[in-house]
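Here is how the chains run, residue by residue.
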Amino acid sequence: MSTVVSWNLQLAVRDGRLDDFRTLMHEMVESTRAEAGAQAYEWFITEDGTTCHLYDRYVDSDATMVHLGTFGARFAERFLSCVEPTGFDVYGDPSDEVRGVLDGFGAVYMGRFGGFAR
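Since we're looking at a predicted model, the values are computed, not measured.

(A) Spatial organisation of the side chain of D56. Within the secondary structure layout, D56 lies in strand β3 (residues 51–58). One buried charged side chain, D56, makes no salt bridge at all; its nearest oppositely charged neighbour is R57, positioned 11 Å away. At a separation of 2.7 Å, a polar atom in the side chain of D56 contacts the side chain of Y58. Setting aside its immediate chain neighbours within four residues, D56 contacts V5, S6, W7, A40, Y41 and H67.

(B) Quick peek at the nonpolar core. Core analysis: the biggest nonpolar cluster contains 29 residues, and W7, L11, F21, M28, W43, F79 and L102 have the highest contact counts within it. Where this core is concerned, the elements lending two or more residues are β1 (5–13), α1 (18–33), β2 (38–45), β3, α2 (61–82), β4 (83–92) and α3 (96–102). Ranked by residues supplied to this core, first place goes to α2 with eight residues.

Cut-offs applied
- Residues numbered from 1 in each chain as written.
- Predicted model: local features only at pLDDT ≥ 70, side-chain atom pairs only at ≥ 80, totals over all residues.
- Heavy atoms only, no water.
- Helix = DSSP H or I, 4+ residues; strand = E, 2+ residues; numbered from the N terminus.
- Buried < 20%, exposed > 50% of the residue type's maximum accessible area, 1.4 Å probe, protein only.
- Lys, Arg positive; Asp, Glu negative; His and termini not counted.
- Salt bridge = Lys/Arg side-chain N within 4 Å of Asp/Glu carboxyl O.
- Polar contact = N/O pair within 3.5 Å; in protein donor to acceptor, adjacent residues only side chain to side chain.
- Contact = heavy atoms within 4.5 Å.
- Core = buried A, V, L, I, M, F, W, Y, C linked by side-chain atoms within 4.5 Å.

So, in structure tokens, the structure goes:
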């Protein structure tokens, strides 16, 4: 059974905040790159810069909590000043502790149904 926790977070970029968001994205990518349990951390944006999707993947719930702790302490306030979450799909079987944090962002949980990842 896989312990991986991943998600797709959908965001609307606030008017006039794209440049600030871009700067913050670079800081957050470098910070997350240093987390041993982060397997994927990819940001995607529409051509007009109004919609962004984040794909995160962590080895397990403990690694997810490390990331969420860093996010809360270093980035959450600036992040939410630049974007508004519009959707949040979480994949896998995160711990109750992880769910307790992600519930505050309106997470929808999707359990494994089939398939594989390499």
